[in-house]
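Coordinate analysis (summary)
For reference, the chains in residue letters:
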Amino acid sequence: MSEDLLAGSDQNGNEKATYAAAGVSIEAGEEAVELMRPWAKQATRPEVLGSLGGFAGLFQLKLDRWKEPVLASSTDGVGTKIAVAQAMDLHDTVGIDLVAMVVDDLVVCGAEPLFLQDYIAVGQVVPEQVADLVKGISEGCVQAGCALLGGETAEHPGLMAPGEYDLSATGVGVVEASAMLSPEKVRPGDVVIAMGSSGLHSNGYSLARRVLLDIARMPLDGHVEEFGRTLGEELLEPTRIYAKDCLAMAAETEVRTFAHVTGGGLAANLARVIPPGLTAVLDRGSWTPAPVFSLIAQRGRVAQEEMERTFNMGIGMVAVVTAEDVDRALAVLTARHVPAWVVGEIAKQPNVEGAGEDDRVVLRGSHPRF
């Protein structure tokens, strides 16, 4: 916690400093730890040593499982989606978003998420609010199969207003060296499989909020017919976590690589895992983005190019697999209740000379009813 001093006075009227008068409540922090303890216990693994409250989280790596283990790490946050959570006073889902942003970056290289540590910065510790945040983080860790190995809750009076908070986390995963996924494994003729998103996920909220709340002046508690629920409920829909699904697919099929579709959209993120000389040719006609995307485009007069480089447009994760394994890969995802479909294929770049990263993904056609 910060080291701000509290103003007060002693029995003689002389001014003295106390921590509580400056805005930092040690008691509230301790209460928050007790409230979050059950949620932290829920997100664990057999390799976890000790319990919540130590100076460091301990995780015993079972080396007999791997011949040449490679550790992978990722750090991320939730972004301005938390402004919606704060406006609605609903805090138990953005933690799921936080976990998703971290663990689904890890799984791109084939790494199994092992544990995560969070950082919660608040203007004032409200124990119930912090516990709700940790509840969501715990739920996300359970979905991802990783442990919540502790973290830090920091109170920043004077820097953040009461009720305000921000979230970030770091996750660590492990992958066998021989099983690592990478762009170098991608070949012409490979097939690109899309996995449907649950909505906006955790990217593009600055534009979404600008259009829907400021320009269209839509209330968060207002029912939207296209959504079948309120605008706030749609915007707070948790990010789908694909980690276990991707690992299951990689265990049963020959996956070349994955691409986590976050900031920058589908094309920019898929381009990161397409090697020079190859291009991913995708068909927009193979899927219809959810109504929230068309609503943003229409109400804000947002051009298609801007939509596609800001939002996931209905695809949260992409897998590149061999042509022979397409049916099996789709079967694995269907059995795990993940919406999935073939969205394109890998081909040689027609003009390799002078081609850049922007040429590694080509989107053709148009979305039905968009």
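Residues numbered from 1 in each chain as written. Predicted model: local features only at pLDDT ≥ 70, side-chain atom pairs only at ≥ 80, totals over all residues. Heavy atoms only, no water.

Labelled according to an unreviewed UniProt entry, the chain appears under the name Phosphoribosylformylglycinamidine cyclo-ligase, originating from Saccharopolyspora rectivirgula. UniProt, in the comment section headed Sequence similarities (unreviewed entry), describes the chain in these words: "Belongs to the AIR synthase family." As stated in UniProt under Pathway (unreviewed entry), the record for the chain gives "Purine metabolism; IMP biosynthesis via de novo pathway; 5-amino-1-(5-phospho-D-ribosyl)imidazole from N(2)-formyl-N(1)-(5-phospho-D-ribosyl)glycinamide: step 2/2." (UniProt positions renumbered as here; feature names shortened; annotations may be inferred.)

Observations regarding the environment of Ala161
Turning to its location among the elements, Ala161 is positioned in the loop between β7 (147-155) and β8 (165-176). Residue classification places Ala161 among the partly exposed positions, given a relative accessible area of 35%. Separated by 39 residues in sequence, Ala161 and Val122 have C-alpha atoms that sit 8.0 Å apart. (Helix = DSSP H or I, 4+ residues; strand = E, 2+ residues; numbered from the N terminus. Buried < 20%, exposed > 50% of the residue type's maximum accessible area, 1.4 Å probe, protein only.)

Observations concerning helix α4 (residues 127-144)
Taking 1.5 Å per residue as the helical rise, α4 with its 18 residues ought to reach 26 Å, and the 26 Å between its terminal C-alpha atoms agrees with that figure. Those residues of α4 that fall on the buried side of the exposure criterion are Pro127, Gln129, Val130, Ala131, Leu133, Val134, Gly136, Ile137, Ser138, Gly140, Cys141 and Ala144. (Expected span 1.5 Å × (residues − 1).)

Observations regarding the sheet that holds strand β6 (residues 112-122)
Strand order in the open sheet made by the 4 strands is β5-β8-β6-β7, with mixed pairing throughout. Each edge of the sheet is formed by a strand with only one pairing partner; in this case those strands are β5 (69-77) and β7. When strand polarity is set aside, the average angle formed by the axes of neighbouring strands in this sheet is 15 degrees. Inspection of the sheet shows β5 paired to β8 by 9 bridges, in the antiparallel sense. Directly across from Pro69, in β8, lies its bridge partner Glu176. (Pairing = 2+ DSSP bridges. Axes fitted to C-alpha atoms, helices over the stretch in contact; angles between N-to-C directions.)

A look at unusual backbone geometry
The backbone of His201 sits at a positive phi, close to 60 degrees, despite the residue not being glycine. Inspection of the secondary structure assignment puts His201 in the loop between β9 (191-196) and α5 (205-215). Using a relative accessible area of 2% as the deciding quantity, one classes His201 as buried. For Arg301, which is not glycine, the phi torsion reads 50 degrees and is therefore positive. By the secondary structure assignment, Arg301 is in the loop between α9 (291-300) and α10 (304-310).

Comments concerning the sheet that holds strand β15 (residues 340-348)
If you walk across this open sheet you meet the 6 strands as β12-β14-β9-β15-β13-β16, and the pairing is mixed. Strands at the two margins of the open sheet, each flanked by one partner only, are β12 (255-260) and β16 (361-364). When the angles between neighbouring strand axes are averaged without regard to direction, this sheet yields 25 degrees. Judged from the 6 bridges that link them, β9 and strand β14 (residues 315-321) form a sheet pairing that is antiparallel. Residue Gly196 lies in a different strand from β14, and its bridge partner there is Ile315. With respect to the sheet, helix α7 (residues 243-252) is in contact with β9, β12 and β14, its orientation differing from that of β12 by roughly 165 degrees. Packed onto the sheet, helix α11 (residues 326-335) meets β9, β14 and β15 and runs at close to 10 degrees relative to β9. (Contact = heavy atoms within 4.5 Å.)

Describing the side chain of His367
Summarising the element assignment, His367 is placed in the segment after β16. Since its relative accessible area comes to 6%, His367 is described here as buried. Within polar-contact distance, the side chain of His367 engages the backbone oxygen of Arg284 at 3.1 Å. Side-chain polar atoms of His367 contact the backbone oxygen of Trp287, separated by 3.3 Å. Residues within four places of His367 in sequence aside, it is in contact with Arg284, Trp287, Pro289, Glu308 and Met313. (Polar contact = N/O pair within 3.5 Å; in protein donor to acceptor, adjacent residues only side chain to side chain.)

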